[in-house]
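Here is what each chain is made of, one letter per residue.
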Amino acid sequence: MRETPGSPIISPKLQKIAEQARNYPEMMFNNLYHLIDQELLLEAYQRTSKDSAAGVDKVTARDYAEALYENLHDLHDRLKSNRYVAQPVERVWIEKEDGKQRPIGKPCFEDKIVQRAAVMILAVLFEPLFQPFSHGFRKGHSQHQAIRELRERCMKLNINWIVDADVSGYFDTIDHAKLRGFIEKKVKDGGILRLLGKWLKAGVLDRGKMVYPEKGTPQGGVASPMLANIFLHYVLDEWFVQDVQPRLKGRSFLIRFADDFIIGFEHEADARRVLEVLPKRFNRFNLTIHPEKTKLVRFSPPSVKVKTEKENGTFDFLGFTHYWAKSLQGYWIIKRKTIGKRLRRFMKAIYEWCRENLHEPVKEQHKTLCSKLRGYYQYYGIRGNYKMLEVVFEHTESAWRRWLGRRCSKGYVSGEEFSRFYRKVYPLPRPRIIHMNI
């Protein structure tokens, strides 16, 4: 297996196609389906997460692995003879912080393998087209890279205005016909297009009832991020670079992670023009820019004579609130802190976990809490956000101490006892900044 810049590690069979796609961006490909052989399916299996719950067929990754090569051989035969049938996606609902529910899809494991194989092919075709400011679900890109680039662009391009946009229910509202049209800009292979149609039409098992959505990408499927990226590449990214930026008077930028994106402008007039035309552009493709959640924010270095709160706004992106503030040296810089509702949601989850697991062995509780805190620091541990990490650490210690006290006959653990024993024997990881260069 070899790796090409900006694309996943690919097999020798895909290497030639990857090179053609990079060297000839306008080329269309019509001989791809045969590339989904047993070797590619095995590679797709190895790249597919084994931790997810089983789908409607109740086959787990462990079950599938018991006769792996026989299963892959049978799957390949069904694909060759066009007998492969995509299974419905089971939909489950989880509670959100605002009391609403969010749907989560559970595809069958075998469907994930086929989707992964198809995504590996689509990636080598479309990656050369994707813009460098598109950071979602791409090798070599991440949320932290997007956050760092956002800060750098604001500082270097003299950005004063931010369009903070929200796409209503993006993954659930992608138009199937328009998606197929975008894919056909590169893919003319009937086999690949049939696979796409099978996934889009497979249906959803929602609370025991089968439904067949006429729009949206397969929930929980590994193909969904790639299909969503292709769709927004043509709807937003390419349009912004080719049609919008040449018409602006000042400097500008776009940063996108999946369906979350921020557009920055040097001049207010440019920002207002784009804010006006953005909903019309998305409506052309049956997408909706949320009118209440989308806003124009004044975002420039505040005057020394005027307080930040009066002159400037803030905006949220990828879990952080972005705002102007003074550095220790006394000059204005862009800082980031954990979004308030994200902070509260994590602390609430920690408190509930401690309550629900108070009878578990202390050693096991400590191991899990350490894992949760390290995971939190790993994402939110960026420069300037240390105070928010301290809040989380202190809350976790407090919640753990409270529920450990319920195990005692006296009903509580004193601060002295907690410091003398638990902090020494079972210390929780202290806050630390992981990403110093962001």
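Each remark here, short or long, concerns the structure printed above.
What counts, and where the lines are drawn
- Residues numbered from 1 in each chain as written.
- Predicted model: local features only at pLDDT ≥ 70, side-chain atom pairs only at ≥ 80, totals over all residues.
- Heavy atoms only, no water.
- Helix = DSSP H or I, 4+ residues; strand = E, 2+ residues; numbered from the N terminus.
- Expected span 1.5 Å × (residues − 1).
- Buried < 20%, exposed > 50% of the residue type's maximum accessible area, 1.4 Å probe, protein only.
- Contact = heavy atoms within 4.5 Å.
- Polar contact = N/O pair within 3.5 Å; in protein donor to acceptor, adjacent residues only side chain to side chain.
- Pairing = 2+ DSSP bridges.
- Axes fitted to C-alpha atoms, helices over the stretch in contact; angles between N-to-C directions.
- Salt bridge = Lys/Arg side-chain N within 4 Å of Asp/Glu carboxyl O.

Chemist: Describe helix H9 (residues 190-201), naming the residues involved and giving the relevant values.
Modeler: Its 12 residues give H9 an end-to-end C-alpha distance of 16 Å, which sits within 8% of 16 Å, the value for a rise of 1.5 Å per residue. Those residues of H9 that fall on the buried side of the exposure criterion are Gly191, Ile192, Leu193, Leu195, Leu196, Gly197, Trp199 and Leu200. Its buried side turned inward, H9 meets helix H4 (68-80), helix H5 (109-126), helix H8 (176-183) and helix H10 (223-244). Where H9 begins, the capping side chain belongs to Asp189, and its oxygen is found 2.8 Å from the backbone nitrogen of Gly191. Remark: Gly203 follows H9 within two positions and exhibits a positive phi of approximately 95 degrees.

Chemist: Could you give an account of the sheet that holds strand E12 (residues 320-326), with specific residues and numbers?
Modeler: Spatially, the three strands line up as an open sheet ordered E11-E12-E13, and their pairing is antiparallel. Of all strands in the sheet, those bounded by a partner on one side alone are strand E11 (315-317) and strand E13 (332-338). Taking the axes of each pair of neighbouring strands and ignoring which way they run, one obtains an average angle of 40 degrees across the sheet. Across three bridges, the pairing between E11 and E12 is antiparallel. Bridge assignment links Asp316 to a residue of E12, and that residue is Thr321.

Chemist: I'd love a proper account of the pattern of salt bridges, names of residues and values included.
Modeler: With the rule as written, the count across this model stands at 15 salt bridges. The closest approach of N and O atoms between Arg47 and Glu43, which form a salt bridge, is 2.9 Å. You can see Arg47 and its partner Glu43 sitting in helix H2 (residues 38-47), four residues apart, about one turn around the helix. Judged by its relative accessible area of 26%, Arg47 falls in the partly exposed class. For the salt bridge of Arg251 with Glu266, the shortest nitrogen-to-oxygen distance reads 3.4 Å. Note that Arg251 is positioned in the loop between H10 and strand E8 (252-257) and Glu266 in the loop between strand E9 (260-265) and helix H11 (268-283), a separation of 15 residues in sequence. Under the relative-accessibility criterion, Arg251 is labelled partly exposed at 39%. Residue Glu266 is classed as buried on the basis of its relative accessible area of 14%.

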